[in-house]
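Survey of secondary and tertiary structure
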Amino acid sequence: MIKKLLLGLGLGVVLLAVGFIVFGPLKITSMDVLLNAMSGKGIDSPEESVWRSRLVVPEGFSVSVYAAGLPMVRFMTFTDEGELLVSRPRAGEVVLLERDADGDGLPDARHTLLSGLTRPQGLALRDGWLYVAESDAIGRIRFDEPGGQISGDYEHIVEGLPDSGNHWSKTIGFGPDGQLYLSVGSSCNACIEKDVRRATLMRFSPDGSDGHIFATGLRNSVGFDWAPWSGELYATDNGRDLLGDDFPPCELNRVIEGGFYGWPYINGFGDLDPDLGHGVGDLSARAIDPEFGFAAHNAPLGIHFIRGAPGFEEKSALVALHGSWNRSTADGYKVM
C-alpha cells in the first residue's frame, strides 16, 4: 500500500514537472485538470440527474444516453444502415453499435471490430472499406455495411506518421474529389517544426499513395467537413496557449489548397505571435484569416454540416467544443 502511494506521489511530481516544462506556469482552477491532461486519466460519469440538470438544449430537442460503458470515445461515424462506429484511442479499438431496430432508444448490440491499434481516432467509409486513422498510420479493412462485418486483413496504407509531442491524434475524411484527407497536429504549443507534415492537412489517394501537404499553418485541426452546397472544406483549429485567458481565438477556417493559416507566426485575425511573429516578412500577408473565431481555449473539435435534418436552418453546421483546461475561468463544453 505504501509503495503504491509513493509511486502515485512520484508520478504526480513527474507530471507536474513535465507540465511546467511543456506549458510553463499555468493559471488553472484545479491541478487535477493538469494531471488528467498529461496522463490521459478520465473521470467518472455524473449521475443522470446531474447531467440532465446541466445540459440545456433548444426547444424541440432532447438529450439522452444512447450507449453507456464506453469511456473515452473520441470520434464516430454512421454507416448507411444506421450502425454507429466509434473509436476509442486509449483502448486501441473500434467498436460497432448496432442500429436501434427495436425502437427502445438503445443500440441493439455492441461489437468490437478492431483492437490492438495505436491510438485510433479518425474513421471513414469508402467503397467497401473501413479506414482508420491511428496516431502513426492509416489502415483499412474490408467492411460490409449491410452486415456490419469486417473481413480479410487489416492493412496499413500509410505508415510513419509523426505522433510525438502534444497533438498525436489523427482525423481522416473523404472529400468530394474522392481523395483521402488527413489532419496532422503540431508537436508543441508554439514552435518551428522540424517535420513539415506537422500542423497541416494532407491529401492522399484512397490507396494511400500520392501523399502530399494540402494546407499549412493549422495548429491542430481535429475536425473538418465539406459544405454540401459548395464542396468547400472547413476545418476547426485550436489556438495556442499561454497568452492569457482570452487570446488567441480558436478558429474555423475555409481551407484551400496551398493555403497558409498562420501558425506559429500569426494568431487569429492577423495578430503577430509575441514569441515567433517577429521578422516573418510576407508570411503575415499570406496568412488567411479565419471565417469565424471561437472563444480562446474553447478547443473546437468535431464539425459536421447538417444535411437535411429537421429543426436546423439551411447551410448550418454543428461544432463540438471540448472546453478549456487552461483558463482561470473554465469555458466551452458545448455544441454550437
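From a predicted model like this one, the values you see are computed outputs, not experimental measurements.

Some details on the pairing of strand β15 (residues 250–255)
When you tally the buried positions in β15, you get five out of six residues, the bulk of the element. Sheet analysis places strand β14 (residues 233–237) next to β15, joined by five bridges and oriented antiparallel. Following the sheet pairing, Leu233 is matched in β15 by Val255.

Focus: the sheet that holds strand β18 (residues 292–294)
Read from one edge to the other, the open sheet built from four strands follows the order β13-β14-β15-β18, with strand pairing classed as antiparallel. Only two strands of the sheet have a single neighbouring strand rather than two, namely β13 (224–226) and β18. Taken pair by pair, the neighbouring strands of this sheet meet at an average axis angle of 20°, ignoring direction. Here β15 runs beside β18; their pairing, made up of three bridges, is antiparallel. By the bridge assignment for β18, Cys250 is matched with Phe294.

Considering the sheet that holds strand β19 (residues 300–305)
With respect to topology, three strands assemble into an open sheet ordered β19-β20-β21, the strand pairing being antiparallel. The open sheet has two edge strands with one neighbour each: β19 and β21 (334–335). Pairing analysis gives four bridges linking β19 to strand β20 (residues 317–321), with the strands arranged antiparallel. Within the sheet, the bridge partner assigned to Ile303 lies in β20 and is Val319.

Reading the values: rules and limits
- Residues numbered from 1 in each chain as written.
- Predicted model: local features only at pLDDT ≥ 70, side-chain atom pairs only at ≥ 80, totals over all residues.
- Heavy atoms only, no water.
- Buried < 20%, exposed > 50% of the residue type's maximum accessible area, 1.4 Å probe, protein only.
- Helix = DSSP H or I, 4+ residues; strand = E, 2+ residues; numbered from the N terminus.
- Pairing = 2+ DSSP bridges.
- Axes fitted to C-alpha atoms, helices over the stretch in contact; angles between N-to-C directions.

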